[in-house]
Amino acid sequence: MKCFLLIWFRLLVLPAAVLMAPRAQANPVCSFTISDINFGNIDLTTNSVFTATGTLTATCFEENTNQTVTVCPSIGEGTGGAGSSGSVRYMLNGANQLQYNLYQDAAMTQVWGSMYWAFPPQPPSWVFAKPGFTVVATRTIYARIPAGQTALPTATYSSSFSGI
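Here the structure is a predicted model, which is why all the values come from computation and not from measurement.

(A) Looking closely at the state of the cysteines. The full count for this structure, using the stated rule, is one disulfide. Between the sulfur atoms of Cys30 and its disulfide partner Cys60 the distance amounts to 2.1 Å. With the S-S dihedral at roughly 115°, the linkage between Cys30 and Cys60 falls on the right-handed side. Taken together, the residues Cys30 in strand S2 (residues 29-34) and Cys60 in strand S3 (residues 50-61) connect sequence positions 30 residues apart. There is no split in this pair, since Cys30 and Cys60 are both buried.

What follows is the structure, encoded as structure tokens:
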């Protein structure tokens with residue numbers, strides 16, 4: 001199975017990069033974009049949960065009609081790091097760590113992982129079922145800042161992601 005990997009994500013308008021695995025026998029051509037995920041101005045003193053979304057768009061063309069293309073968009077821990085189980089990522093402002101995470105589902109129960117970090121789960125994958133055609137597919141990335149972080153100072157927190 002060919003798997004195109006993507007570690008491209010911008011949070012609060014940060015730099016990003018695309019990572020693709022080497023191509024096997026067929027010659028699929030894929031491009032990826034991810035919209036910014038920006039929580040906007042939030043007030044941590046309200047002890048509320050804050051959510052935001054972004055959109056991953058994958059456009060692939062596969063010339064060989066006997067092949068399919070599998071896309072595995074990996075999103076790692078970012079420069080803010082992650083907790084020891086991967087159940088939380090961090091955005092930083094100096095030494096201050098703001099907890100957040102990225103999810104595959106609207107219920108925010110399935111963490112969006114990476115094939116390159118030690119934590120479960122792995123990233124979601126799509127199989128492009130129309131080989132020989134250009135296929136455009138989108139996937140929503142759900143993001144949440146949990147409540148209970150009222151002691152953190154008001155500031156701009158960020159985590160950037162880049163590929164190898």
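(B) The nonpolar core, seen in detail. Grouped together as the largest cluster of nonpolar side chains are 29 residues, with contacts concentrated most on Val71, Leu102, Phe128 and Ile141. Looking at this core, the elements that each hand over two or more residues are S2, S3, strand S4 (69-72), strand S6 (96-103), strand S7 (126-128) and strand S8 (134-145). In contact with Ile141, other than residues within four places in its own chain, are Ile34, Ile37, Ala52, Thr53, Gly54, Leu56, Ile75, Leu102, Tyr103 and Trp112. Core analysis: the next-biggest nonpolar cluster, separate from the first, contains six residues, Tyr103, Met108, Trp117 and Phe119 among them.

(C) Just the confidence of the model for the protein, in detail. Taken residue by residue, the protein gives an average pLDDT of 79. The fraction at 70 or more is 78%. The least confident element of the protein, judged by mean pLDDT, is strand S1 (residues 3-5) at 32; the most confident is S6 at 96. Note that residues 1-24 has pLDDT below 50 and, in this model, 95 contacts with residues that lie over four places away or in other chains.

(D) Here's a closer look at the pairing of S4. Neither face of S4 is open: one carries Val69 and Val71, the other Thr70 and Cys72, and all of them are buried. By the bridge criterion, three bridges tie S4 to S7 in an arrangement that is antiparallel. Paired with Val69 across the bridge in S7 is Phe128.

(E) Structural context of the packing of aromatic side chains. Throughout the structure, instances matching the rule amount to one aromatic pair. Arranged with centres 4.9 Å apart and planes meeting at 80°, the rings of Trp117 and Phe119 form a pair that is edge-to-face. Taking relative accessible area as the criterion, Trp117 reaches 9% and is therefore assigned buried.

Thresholds applied
- Residues numbered from 1 in each chain as written.
- Predicted model: local features only at pLDDT ≥ 70, side-chain atom pairs only at ≥ 80, totals over all residues.
- Heavy atoms only, no water.
- Disulfide = S-S within 2.5 Å.
- Helix = DSSP H or I, 4+ residues; strand = E, 2+ residues; numbered from the N terminus.
- Buried < 20%, exposed > 50% of the residue type's maximum accessible area, 1.4 Å probe, protein only.
- Core = buried A, V, L, I, M, F, W, Y, C linked by side-chain atoms within 4.5 Å.
- Contact = heavy atoms within 4.5 Å.
- pLDDT = per-residue confidence, 0-100.
- Pairing = 2+ DSSP bridges.
- Phe/Tyr/Trp six-rings, centres within 6.5 Å; stacked < 30°, edge-to-face > 60°.

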